[in-house]
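If you want the building blocks of each chain, they are given just below.
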Amino acid sequence: MILAVAIALGVYLVRPQESDDAGAAPSSSAAPVGNVYEDQRRAGVQRLLDRWAAAIRSGNTAALTQLVDPRAAPEFLEAEVRRAQNLSGVPISDWGFEIGDEPDVTIAPDVADRLGASDVWAPPVYLRYAIAGPDAAPTRKPVGLTVARHGDDWKLVSDTDEPTRPTWRGPWDFAPMIAVTVPTGNGKSSVVLGHPEQRAQVDKLAAEVRDAVPAVTSLWGPNWAQSVLVIATSSHDEFVDLAGSDHSGSEVAAVAVSDAVAPGATTATGQRVVFSPDAAERLTDATRRSVLRHEMTHVATRASTVDGSPMWMLEGFADYSGYRNSGIPFQQIAPEVTQFARANGPPNSLPADSAFGADDDRAKIAYELGWSACAYIAATFGEPKLVELYKRLAKGPVDDAGVDAAMRDVIQLGKTDFVARWGGWVATQVR
């Protein structure tokens, strides 16, 4: 039952990777704050950040050596040199550092003495970067940076000393990178990133991406980027840093992440599909295809989706997209529902949101029920109606009356009648 594996591996809802302001652009780092000392301090550090970004992007390790404080921990410079070298194979279209507007972090007085510095500062810094192809606009990630002043020069001290503002790590912080750029139609291109030892997995994902983008577009429509960044991770720590601690369980094969979407926005930044380190061994060709298309559907729908919307629709729609046109029968896609319905009769309610996050078989059944509800809508009323209902129900939390009203408007069935007819359809599929 190969498709049971895909569900059991935990393919979950798109969520912001960072806090709600992680994707928000900080104001211009050169903007004056109205205090001569602070303005000069800010301008001096921004010049340092610009030189830091240029050195990393160009792989200029000699310049990096000049930018790091001579009394900084040697591990910091070593990590910066590795990052610059690892980035050489990544198609970066933007890379820079910006100072945000959040409050400063207080630095202990003895730090300046230890560094022999006249000033030490831990400003709110963001890494701004974009990957050519998938990123129409850059994403911004936090950097817990400490810098020190020596005379007129500022130097980099650490990006790990400030625990209250932890530093985001990209895949290039873990190992050298390989990248495959994939044309995905309409003049767009997608990118698959991984590490050299993952060449076989990266090539398989790239081959799937080529067809997955137009497949998702044919269901959802053209109003999305039609391009995606897929990352194959090689360690648990890398996966957690890129996917978030919410998705650190051993069952998770892949997850789609993005920056927070501002109300009314039509696009989302920082969208990535991140595969776990053991996905290559655990996924078959069929499950790799379904998982990738599931997560890419979350990418396509992200700007139209508000967190808290009914999970049976969000996850069911993504699963429907993942298995669409696969030719795989109902019993293989939904083995848990098949077994339950044969023993106890068809489902008589839609799965609760809480079931999707359960650590037991309730999550498997919830995903299968969500998929089957969406498959029934598509089979009975057509895919355009399924897409329309998704857009109606994906606007945020909605009660039973709201679900009932949306269903009556879109498919001319109230919720009670829908559940009864869906249950009857499931019964015919499991015979």
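Within every chain, residues take consecutive numbers counted from 1 along the sequence as written. Reporting in this predicted model follows two pLDDT cut-offs: at least 70 for local features of residues, and 80 or more for side-chain atom pairs to be given and counted; totals over whole chains, interfaces and linings ignore these cut-offs and use all residues. Note that the side-chain values use all heavy atoms of the structure and ignore hydrogens as well as water.

Moving on, we come to the side chain of Gln226. Mapped onto the secondary structure, Gln226 falls in the loop between helix H6 (199–220) and strand S10 (229–232). Nitrogen and oxygen atoms within 3.5 Å of one another constitute a polar contact, given that in protein one can donate a hydrogen and the other can accept it, and given that sequence-neighbouring residues count only through two side-chain atoms. In terms of polar contacts, Gln226 uses its side chain to reach the side chain of Asn186, at 2.7 Å. For Gln226, the contacting residues outside a window of four places in its chain are Thr184, Asn186, Lys188, Val213 and Thr217. A helix here means a DSSP run of H or I that spans at least four residues, while a strand means a run of E at least two residues long, and both kinds are numbered starting from the N terminus. Contact definition: two residues touch when any of their heavy atoms are within 4.5 Å.

To continue, consider the sheet that holds strand S6 (residues 146–150). Paired strands are those between which DSSP finds at least two bridges. The strand order across the open sheet formed by 3 strands is S3-S6-S7, and the pairing between neighbours is antiparallel. In this open sheet, the two edge strands, each paired with only one partner strand, are strand S3 (119–121) and strand S7 (153–158). Averaged over all pairs of adjacent strands, the angle between their axes in this sheet comes to 25°, without regard to strand direction. Of the pairings in the sheet, the one linking S6 to S7 comprises 5 bridges and is antiparallel in character. Axis geometry follows a simple rule: fit a line to the C-alpha atoms, using only the stretch in contact for helices, then measure angles between N-to-C directions, giving values from 0 to 180 degrees.

Any two side chains of opposite charge can pair if their charged atoms end up close together. Salt bridge, as applied in this entry: a Lys or Arg side-chain nitrogen positioned within 4 Å of an Asp or Glu carboxyl oxygen. Tallying each qualifying case throughout the model produces 23 salt bridges. A salt bridge links Asp104 to Arg41; the nearest nitrogen and oxygen atoms lie 3.8 Å apart. Highlighted residues: Asp104 in the loop between strand S2 (92–99) and helix H5 (109–115) and Arg41 in helix H2 (residues 36–58), separated in sequence by 63 residues. A salt bridge links Asp259 to Lys141; the nearest nitrogen and oxygen atoms lie 2.8 Å apart. Here Asp259 is found in the loop between strand S11 (254–258) and strand S12 (272–275), whereas its partner Lys141 is found in strand S5 (residues 139–143), with 118 residues between them in sequence. Of the two residues, Asp259 and Lys141, neither departs from the other in class, the shared state being buried. Beyond isolated ion pairs, a larger network of salt bridges with shared partners links Glu38, Arg41, Asp104 and Asp119. The buried label applies to any residue whose accessible area, calculated with a 1.4 Å probe on protein chains only, is under 20% of its type's maximum; exposed applies above 50%, and partly exposed to all values in between.

Despite not being glycine, Asn325 has its phi angle at roughly 60°, a positive value. Secondary-structure assignment places Asn325 in the loop between helix H10 (311–323) and helix H11 (330–333). You can call Asn325 exposed: its relative accessible area is 71%. Although it is not a glycine, Gln412 sits at a positive phi angle of roughly 60°. Topologically, Gln412 is positioned in the loop between helix H15 (400–411) and helix H16 (415–429). What makes Gln412 exposed here is its relative accessible area of 56%.

Values of pLDDT, ranging from 0 to 100, describe the predictor's confidence in every residue of the model. Taken over all residues, the pLDDT of the protein has a mean of 90, while the share at 70 or more is 91%. This model gives residues 1–29 a pLDDT under 50, and the stretch forms 106 contacts once residues within four places in sequence are excluded.

Taking strand neighbours across the sheet as the criterion, the 3 strands line up as S2-S4-S5 in an open arrangement whose pairing is antiparallel. The open sheet has two free edges, formed respectively by S2 and S5, since each of these has just one partner strand. The mean angle between the axes of side-by-side strands here comes to 20°, regardless of whether they run parallel or antiparallel. Relative to strand S4 (residues 125–131), S2 runs antiparallel, the two being bridged by 7 bridges. When the sheet's bridge partners are listed, Ile92 is paired in S4 with Ile131. Taken strand by strand, H2 contacts S2, S4 and S5, and its axis lies near 155° from that of S2.

Once that is clear, we can look at the packing of helix H12 (residues 335–344) against helix H13 (residues 361–381). Two elements in contact, H12 and H13, have axes separated by 8 Å at closest approach and are oriented at 90°. With respect to H13, the axis of H12 lies roughly perpendicular. Between H12 and H13, the residues in contact are Pro335, Glu336 and Val337 and Lys364, Ile365, Glu368 and Leu369, respectively. Residue classes in the contact of H12 with H13 are distributed as 4 nonpolar, no polar and 3 charged. An angle below 35 degrees is read as roughly parallel, one above 145 as roughly antiparallel, one from 65 to 115 as roughly perpendicular, and any other as oblique. Throughout this entry, Asp, Glu, Lys and Arg are counted as charged residues, while Ala, Val, Leu, Ile, Met, Phe, Trp, Tyr, Cys and Pro are counted as nonpolar. The remaining residues, Gly among them, count as polar.

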